[in-house]
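# Tertiary structure, described
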Number of protein chains: 2
Amino acid sequence: MTLILALDFGGTKLAAAIANLGSQRWLRYERRLSPTNANASSDLEMMRSLIHSLLQEGKPAAIGVSFGGPVDATTGTVRLSHHVSGWENIPLKDLLEAEFGVFVSVDNDANVAALGEHRFGAGQGYDSLFYITVSTGVGGGWILNNQPWRGAGGMAGEIGHIIVDPSGPICLCGKRGCVERLASGVYMARDVREALLSEPQRWGEKVRELVGGNLELVTGKVVSEAAALGDVCAEEILYRGAWGLGVGIGNVANLMNPQRFVLGGSVTKAGERWWEMVKKTARKTALPEVDLEIVPAALGDDAPLWGAMALAQEALQ
Amino acid sequence: MTLILALDFGGTKLAAAIANLGSQRWLRYERRLSPTNANASSDLEMMRSLIHSLLQEGKPAAIGVSFGGPVDATTGTVRLSHHVSGWENIPLKDLLEAEFGVFVSVDNDANVAALGEHRFGAGQGYDSLFYITVSTGVGGGWILNNQPWRGAGGMAGEIGHIIVDPSGPICLCGKRGCVERLASGVYMARDVREALLSEPQRWGEKVRELVGGNLELVTGKVVSEAAALGDVCAEEILYRGAWGLGVGIGNVANLMNPQRFVLGGSVTKAGERWWEMVKKTARKTALPEVDLEIVPAALGDDAPLWGAMALAQEALQ
């Protein structure tokens, strides 16, 4: 059989898997957390050991790679990682090709996850889709005419940094009211924390209970959980985020009219009301003539790994 | 020689032209204004007479058609016209094919103008572009991988109805702060008119001079002219429109990262300061890593006719 090797450099975790060409199941699969003091060299070293334990005596026919950060997909060069130091301008494709002697294809995680959902998940059978990950940050990847669309400079898909409310709060990117600023887990946690610090008497009992009074421990997940328990502050910020994402999706629908939107990432586990708010707002924002279908991702955290397998498979065809 | 016939049903005007296959010049060209009481039948009748006067004894090998309104490009059926009655569900492709016995291709004016600019105008040599017309309304058309992208239901390109300011004025589409609501000629004229009526003493001397005191005569063009003369009210509304369009373009750049934006339509003749505001705002809205090039359309009002020629040419290849 022809073996395919799929790699996922995920920032906080590393994963690798092998499968037979054409198969929809992994033969073997490994996933490890990156240490907090990881750098590019230690990531590469850990990935090497995962690969060798997976491959044993075998040799892959091609390697697909998902990288959690900006990548020049035409050359397979990593531009940088926002999570791990030392990844500036690393020719990941060249390094792996020299080491393993086979074709390697590298792209960023949002594009690769979109491909994974398209070939093996919630986008199977759809010609066009926009995959959105709503997690620590907010990013997206396109499939148009059954192929990835990366943009002229490889920067397409940045729904996290489209403006939906020019009078909204300021984002790290310098703009106000970006989708990521409103809807990402990290920013929602920060907004809840600041609201509770500034008005300690008014609200947030459930949030305070969940973190035992230590507001430093508020995360996106805590915000979702507190909102589900009826915490007014958490509800306000969670549903403002869902509104911002919904406006973004409706805008994208008017602009590109894809067949499907596929939503993944930790924030999408916030519950039924979050989904309703996203869908309702997107429907109101899209023109009545624009069909709109929004569904949850099917592959969860493994979407990049499946997409990496698709990247490698396509190189062999 | 092989003749190509190009038709443009523009709402307020009709145009037709013929060219030899592969040529970049018209052999003959006709353009007429539609009467104010026009309907689909009278438009078709007038177009027939244009065609017969152009063709004389010749016969085209294919016909390309631009229509100013929503079209199902896969069947060549006009859904409706916002300007002329009687166009609901007219099978324009079938009608013309039955009459002329050759292949006919029909699409909406924004998509066709995008194709025209790509093949013969400001988009020549670019793999991807977004064409935006800023006129009575605001619309757009995509070229991706050198081909039109129409969206799953033929609705892609509606930059006019993406929200850029959710606390902005209400658009006919029901939403607040759409690009069209802020940047189109008709809405800017209306906003200037209302501002001058509500605060007659405060401002608008230049606008009032240009229309001889009759505010009913304020148009988008008058707003541009008054702004150029330093009218404060006209400036405020014109540059708010340019800001809204700039945010829209920056959002689109982050989302799709096309090589070029090509802007046409009457409002783009508003002058250097309007262009500067559009470009500056788009640049601030796009991420620093996203390259952004915004240029004026090259073909003016003839872009749909040139695009119609490209549609017909491609049917023959």
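Residues numbered from 1 in each chain as written. Chains lettered and ligands numbered in written order. Predicted model: local features only at pLDDT ≥ 70, side-chain atom pairs only at ≥ 80, totals over all residues. Heavy atoms only, no water.

### Concerning the overall build of chain A
This is how the line gets drawn: Under the DSSP-based scheme used, a helix requires at least four consecutive residues in state H or I and a strand at least two consecutive residues in state E, with every element numbered from the N terminus. Atoms counted for the radius of gyration: C-alpha only. Globule rule: 2.2 Å times residue count to the power 0.38. The buried label goes to any residue with under 20% of its type's maximum accessible area, the exposed label to any with over 50%, and the partly exposed label to all in between, with areas taken from a 1.4 Å probe on protein chains only. For this analysis, residues touch if any pair of their heavy atoms sits within 4.5 Å. Note on areas: these come from Shrake-Rupley sampling with a 1.4 Å probe, and a residue is covered only by the protein chains present in the view. Charged residues are defined here as Lys and Arg on the positive side and Asp and Glu on the negative side; His and the ends of the chain fall outside this count. Positions of charges follow a simple convention, taking NZ of Lys, CZ of Arg, CG of Asp or CD of Glu.
Looking only at helices and strands, chain A features 10 helices and 12 strands. Compactness check: chain A gives a C-alpha radius of gyration of 20 Å against a globular reference of 20 Å for 317 residues, within 12% of the reference. Dimensions of chain A, computed from the C-alpha atoms along their principal axes, are close to 65 × 50 × 35 Å. Relative to its full complement of 317 residues, chain A shows a buried share of 57%. A fraction of 61% describes how many contacts in chain A between residues 6 or more apart in sequence connect residues 24 or more apart. Of the accessible surface of chain A, which amounts to about 12800 Å², a share of 51% is contributed by carbon and sulfur atoms. For chain A, the distance from the average position of its 28 positive side-chain charges to the average position of its 35 negative side-chain charges is 2 Å.

### Re the sheet that holds strand 12 (residues 294-296) of chain A
All names here are of chain A. The line we're drawing: Pairing between strands is defined by DSSP: at least two bridges between them are needed. Only the stretch in contact is used when fitting a helix axis, every axis being a line fitted to C-alpha atoms; angles between N-to-C directions are given from 0 to 180 degrees.
With mixed pairing, 5 strands are arranged side by side in an open sheet as 10-9-8-11-12. Of all strands in the sheet, those bounded by a partner on one side alone are strand 10 (147-149) and strand 12. Averaged over all adjacent pairs, the angle separating strand axes in this sheet is 30 degrees, with direction ignored. Note that strand 11 (residues 260-264) and strand 12 share 3 bridges and pair parallel. Residue F261 lies in a different strand from strand 12, and its bridge partner there is I294.

### Considering unusual backbone geometry
Its identity as a non-glycine residue notwithstanding, N89 of chain A has a phi of 55 degrees, on the positive side. Note on placement: N89 of chain A falls in the loop between strand 6 (77-78) and helix 2 (92-100). According to the relative accessible area criterion, N89 of chain A is exposed, its value standing at 57%. Phi at N145 of chain B takes a positive value of approximately 50 degrees, unusual for a residue other than glycine. Within the secondary structure, N145 of chain B sits in the loop between strand 9 (138-144) and strand 10 (147-149). Look at N145 of chain B and you get exposed, because its relative accessible area is 54%.

### What to know about the relation of the copies chain B and chain A
Rules: Overlaid copies result from least-squares superposition on C-alpha atoms, with residues included only where pLDDT is at least 70 in both.
Under the fitted operation, chain B is carried onto chain A by 0.0 Å of movement along the axis and a turn of 180 degrees, and the coordinates agree to an RMSD of 0.1 Å. A rotation of that kind, with that shift, is consistent with a two-fold axis. Here 100% of the contact residues of chain B are again contact residues in chain A; the copies associate through an equivalent surface.

### With respect to the packing of aromatic side chains
Residue and element names in this part refer to chain A. Convention followed: Pairing of aromatic side chains here covers Phe, Tyr and the six-membered ring of Trp, requires ring centres within 6.5 Å, and sorts the geometry by plane angle: under 30 degrees stacked, over 60 edge-to-face, intermediate tilted.
Scanning the model with the defined rule gives 16 aromatic pairs over all chains in all. Ring geometry for F130 and F261: centres 6.4 Å apart, planes at 80 degrees, overall edge-to-face. Taken together, the residues span a long stretch of sequence, with F130 in strand 8 (residues 129-134) and F261 in strand 11 at a distance of 131 residues. Each member of the pair F130 and F261 is classed as buried.

### A few points about the state of the cysteines
Residue and element names in this part refer to chain A. Quick reminder of the rule: Any cysteine sulfur atom paired with another within 2.5 Å is treated as part of a disulfide.
Applying the stated criterion across every chain yields a total of 0 disulfides over all chains. Summary of cysteine pairing: C178 is not part of a disulfide, and the nearest cysteine sulfur, belonging to C173, is at 3.5 Å. Exposure remark for C178: the relative accessible area of 0% places this residue in the buried category.

### A closer look at the interface of chain B and chain A
Size of an interface: often given as the accessible area lost when the parts come together. Test applied: Reported buried area values correspond to the accessible surface (1.4 Å probe) lost by two parts on association, with both partners' losses combined. Any carboxyl oxygen of Asp or Glu that lies within 4 Å of a side-chain nitrogen of Lys or Arg is treated as forming a salt bridge with it. Any residue outside Ala, Val, Leu, Ile, Met, Phe, Trp, Tyr, Cys, Pro, Asp, Glu, Lys and Arg is labelled polar, Gly included; the first ten of those are nonpolar and the last four are charged.
The interface of chain B with chain A comprises 40 residues on the first partner and 40 residues on the second. Between chain B and chain A, a total of about 3000 Å² is buried, with carbon and sulfur atoms accounting for 67% of that surface. At the junction of chain B and chain A, the tally comes to 0 salt bridges. Among the secondary structure elements, those contributing two or more residues to the side of chain B that touches chain A are strand 9, helix 8 (232-256) and helix 9 (272-285) of chain B. Ranked by residues supplied to the side of chain B that touches chain A, first place goes to helix 8 of chain B with 7 residues. Considered class by class, the residues forming the side of chain B that touches chain A number 21 nonpolar, 13 polar and 6 charged.

### Quick notes on the pairing of strand 4 (residues 60-67) of chain A
All names here are of chain A. Across the 8 residues of strand 4, 7 count as buried, placing the element largely inside the fold. In this sheet, strand 7 (residues 103-108) lies alongside strand 4 in parallel orientation, the contact comprising 6 bridges. If you follow A62 over to strand 7, its bridge partner there is F103.

### Side note on helix 2 of chain A
Residue and element names in this part refer to chain A. Selection criterion: Note that the arc is computed from the directions linking the helix axis to the C-beta atoms.
When helix 2 is considered as a whole, its buried residues turn out to be L92, K93, L96 and F100. Projected down its long axis, helix 2 carries its buried residues within an arc of 95 degrees, all on one side. Packing partners of the buried residues in helix 2 comprise strand 1 (3-9), helix 1 (40-55), strand 4, strand 6 and strand 7.

### Remarks on the sheet that holds strand 8 (residues 129-134) of chain B
Picture the strands of a sheet paired through backbone hydrogen bonds; they go either parallel or antiparallel. All names here are of chain B. In space, the 5 strands of this open sheet follow the order 10-9-8-11-12, with mixed pairing throughout. The sheet is open, and its two borders are formed by strand 10 and strand 12 (294-296), each paired with just one other strand. Neighbouring strand axes in the sheet, compared pairwise and without regard to direction, differ in orientation by 30 degrees on average. Bridge count for strand 8 against strand 9 is 6 bridges, and the pairing is antiparallel.

### Points about the domain arrangement of chain A
All names here are of chain A. Note the following rule: Segment limits for the domains were obtained from an automatic or database-derived domain assignment. For the purposes of these results, a polar contact is taken to be a pair of N or O atoms within 3.5 Å, where, inside protein, one atom must be able to donate a hydrogen and its partner to accept one; residues adjacent in sequence count only when each atom of the pair is a side-chain atom.
Taken domain by domain, chain A holds domain 1 (3-109 + 301-316) and domain 2 (122-297). Relative to domain 2, the C-alpha centre of domain 1 lies at a distance of 28 Å. Of the roughly 480 Å² buried between domain 1 and domain 2, counting both surfaces, carbon and sulfur atoms make up 35%. Our count for the contact surface shared by domain 1 and domain 2 stands at 1 salt bridge. For R150, the salt bridge identified is with D107, shortest N-O distance 2.4 Å. At the junction of domain 1 with domain 2, the criterion picks out 2 residue pairs in polar contact (both at pLDDT 80 or more).

### Focus on the environment of M309 of chain B
Residue and element names in this part refer to chain B. You can see M309 is positioned in helix 10 (residues 303-315). You can call M309 buried: its relative accessible area is 0%. Every residue in contact with M309, bar those within four places of it in the chain, is listed here: I4, A6, A19, S23, W26 and F120.

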